[in-house]
Amino acid sequence: MPSPENGASIRIENLRFVYDQSGFELAIDELELGSGSRLAVTGPSGCGKTTFLRLVAGIHVPAKGTVRVGHQELSRMNEAARRRFRISTVGFVFQDFELIDYLNAHENILFPYYINSALVLDANVRRRASELANRMGIADKLRRSVTRLSQGERQRVAICRALIAKPCILLCDEPTGNLDPENKSLIIDMLFENAAETGATVVCVTHDHELLPRFEQIMDFPSLRTTE
Amino acid sequence: MRSLFLAWRYMAAHRGKTAILVACIALTAYLPLTVHLLLQEFEQDWTQRASATPLVAGAKGSRFDLTLHALYFQTQPPETILMGDVENLRSQRLGTVIPLNARYSTQNIPVVGTTLAYFDFRNLSVREGESLALLGDCVVGYIASRELGLTPGDGILTDPENVFDVAGTQPLRLRVAGILDESGTADDNAVFVDIKTAWVIAGIGHGHADMKTEASDDVVLNRENNRIVANAALENHIEITPENVTSFHFHGEREEMPVTAAIVVPPDDKSAVLLRGRYQSRDSPLQLLVPGDVVDEMLRLLLRARAVLDANVILVAGSTILFLILVIALSLKLRGSELEIMFHLGCARLTAARLVTLELAAVLITGLLLALALGAATVQLAPLLLKALTQT
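Bear in mind that the values here come from a model prediction, so they are computed numbers and not experimental data. (Residues numbered from 1 in each chain as written. Chains lettered and ligands numbered in written order. Predicted model: local features only at pLDDT ≥ 70, side-chain atom pairs only at ≥ 80, totals over all residues.)

Participant: I keep staring at the overall build of chain B and nothing clicks. Help me out?
Facilitator: Counting its regular elements, chain B contains eleven helices and 16 strands. Split into buried and exposed, the 392 residues of chain B put 32% on the buried side. Long-range contacts, defined here as pairs at least 24 residues apart, represent 76% of the contacts in chain B between residues at least 6 apart. (Helix = DSSP H or I, 4+ residues; strand = E, 2+ residues; numbered from the N terminus. Buried ≥ 20, exposed ≤ 12 C-beta atoms within 10 Å, placed from the backbone. Contact = placed C-beta atoms within 7 Å.)

Dropping the structure here:
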């Protein structure tokens, strides 16, 4: 596994991925992203941005080509290994937050530890959860049900959840899509600040062109997609 | 452990849905369980009581009515036989014959007229007070004494046979001589009197002022030698006391006195067979039954009814299972995105399935435990339910 302190580089070569039913095909000849860097992925809806994130996360496996994160080649891993890779290496932030509504904020932050025994939940992890929440300004809301939090607060909980296992890469799917302008800027700052602390590589799908200057690399997707 | 924690948190957050599922399972399991336990208790009680009673004699007619009357003192007795029939049975010298007259009641508890032999036969002992000694005495079964709040020395009035029959039997005040030990049988819920007291309750025997010396001329219609005819104004004693007990007398011969049933206890099987053989003819005024056989026949009928009940239970269980499948399917559909997110974050699909299975198992186990708890409570209450069933 890549060292969290160093983040992880991402290298994609000759990638071809096809959705059998829709005929949608994604092709990336070559992409290299340095460890700890920030990549923004833009493009219209349906162009394959989320599919790209899923390929990097090992949720999807390409029909051809390779996806390498750090020293690990995902296309050679079986499903169990890719799951272990995800839980220990990847942090996810979703547009709709995707929090678990029957857990409180604190339990949501610790959620990755509840669902995979590869992560060990101990006092240090709990302390880290509290520290992250404190940094995100939601320390006083940890015992509250996530259904009773504002949109901004919920996304902060989601970012804490993504960061709790000190991932090497952070995959964000329109993390500010449901936020007002004030919260949008605040959340992206917090995301970068905390990712920088662990050196995590950030890949962020966004439609928001105002945010693009904050990224080191920008990838426009229409040029990568082909449709039969 | 973590899956258990998540399952618990999900159920706690959706406690309404969880409670409905638990209630469905508990009720579905409880109903057949209760019926099974009750019937088991019922069968056990009937079988024990019946097998402890070798033979029952009574008027010809429904064998079920006669058996239930002799064993449980049902409030609707069959036709009566005569004390002379009982004496005839005794004269066969093929067993002890215990007459019963259980036609009357006190506060809806059967009053059973019998002899002291009944107490020996049923192994009934007096826990407070003393046994029957005088006319008008009664000993009260354990549960009946608790229900009526009776202690030795108290008095209780018998119920009129028919409240609309003003000329019918008068209530008689019985003196509580003693309270019986708990036996766990129908004897606990009965009041026992001497059979002669039962005949007094029936109005066949009574006591009143001595018309030769005490009765006023107003009540005497006619005096002719030793024969004195009184009118309705002559008051009968409604309580038998040491002072008036000598005034009690019976109109008619002892052989003509009514008996509702008799328990016959032959010393051995051969005597029982001989006795039954002698009373099998059409001309016999009595029928002699083996309660065990009659109860077995009744239980066979009950088993047929239970088969219908079991079929109903299977249908109810089937519909509940379908309901549960529907609820689980809808729940999984609603939780689709949650399970998908779990998978994206690195959770094995098997773990997600285990989580859902754990929730279902917790609901099932809770429902079954609840059903068992309710079933256990029902077993505790079974004697009372049994009593209610046998008293109707």
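Participant: Before we go on, may I ask you to explain the nonpolar core in this structure?
Facilitator: Nonpolar side chains in soluble globular proteins generally cluster together in the buried interior. Grouped together as the largest cluster of nonpolar side chains are 78 residues, with contacts concentrated most on A:V56, A:C160, A:I169 and A:L171. Here A:L171 is in contact with A:L53, A:V56, A:A57, A:V90, A:F92 and A:V203, once residues within four sequence places are set aside. B:L55, B:I109, B:L124 and B:V139 belong to the second largest nonpolar core, which has 64 residues in total. (Core = buried A, V, L, I, M, F, W, Y, C linked by C-beta atoms within 7 Å.)

Participant: How do you make sense of the pairing of strand β1 (residues 10–18) of chain A when you look at a structure like this?
Facilitator: Consecutive side chains along a regular strand alternate between the two faces of the sheet. Residue and element names in this part refer to chain A. As judged from the eight bridges shared by β1 and strand β2 (residues 24–33), these two strands associate in the antiparallel manner. Note that in β2 the partner of L15 across the bridge is I28. Hairpin connection, β1 to β2: the antiparallel pair is bridged by five residues, and G23 has positive phi, about 80°. As judged from the five bridges shared by β1 and strand β4 (residues 64–69), these two strands associate in the antiparallel manner. Each bridged residue has a counterpart across the sheet, and for R11 the counterpart in β4 is R68. (Pairing = 2+ DSSP bridges.)

Participant: Would you explain the pairing of strand β1 (residues 55–59) of chain B in this entry?
Facilitator: All names here are of chain B. Within β1, five of the five residues are buried, leaving the element largely enclosed by the surrounding structure. Pairing of β1 with strand β15 (residues 261–265), which is carried by three bridges, proceeds in the antiparallel orientation. Paired with L55 across the two strands is V264, which belongs to β15. Of the strand pairs in this sheet, β1 and strand β16 (residues 286–289) are connected by four bridges, and their pairing is antiparallel. Pairing of A59 across the sheet is with L286, part of β16.

Participant: Where do I start with the interface of chain A and chain B in this structure?
Facilitator: Bring the parts together and some accessible area is lost; that lost area is often taken as the interface size. Listed by partner, the interface residues are 14 residues for chain A and 17 residues for chain B. If you list the elements that add at least two residues to the side of chain A that touches chain B, you get α2 (79–89) and α4 (111–115) of chain A. Looking at the side of chain A that touches chain B, its residues break down into nine nonpolar, one polar and four charged. (Nonpolar A, V, L, I, M, F, W, Y, C, P; charged D, E, K, R; others polar.)

Participant: What exactly am I supposed to notice about the packing of helix α6 (residues 151–163) of chain A against helix α7 (residues 181–198) of chain A here?
Facilitator: Packed helix pairs are specified by the crossing angle of their axes together with the interaxial distance, meaning the distance between the axes. Residue and element names in this part refer to chain A. Two elements in contact, α6 and α7, have axes separated by 11 Å at closest approach and are oriented at 15°. In terms of axis orientation, α6 runs roughly parallel to α7. Two packed elements cross with a definite hand, and for α6 against α7 that hand is right-handed. Two secondary-structure elements touch here, α6 through G152, Q155, R156, I159 and L163 and α7 through N183, I187, M190, L191 and N194. Residue composition of the contact of α6 with α7, grouped by class: five nonpolar, four polar and one charged. (Axes fitted to C-alpha atoms, helices over the stretch in contact; angles between N-to-C directions. Parallel < 35°, antiparallel > 145°, perpendicular 65-115°, else oblique. Left-handed = near helix turned anticlockwise from the far one by under 90°.)

Participant: What is the right way to look at the sheet that holds strand β8 (residues 201–205) of chain A in this model?
Facilitator: Residue and element names in this part refer to chain A. Read from one edge to the other, the open sheet built from five strands follows the order β6-β7-β8-β3-β9, with strand pairing classed as parallel. Each edge of the open sheet carries a strand with a single partner, namely β6 (90–94) and β9 (217–220). Shown here is a sheet whose adjacent strand axes are inclined to one another by a mean of 15°, direction ignored. In terms of strand pairing, strand β3 (residues 38–42) meets β9 through four bridges, oriented parallel. Bridge pairing links T42 to D220 in β9.

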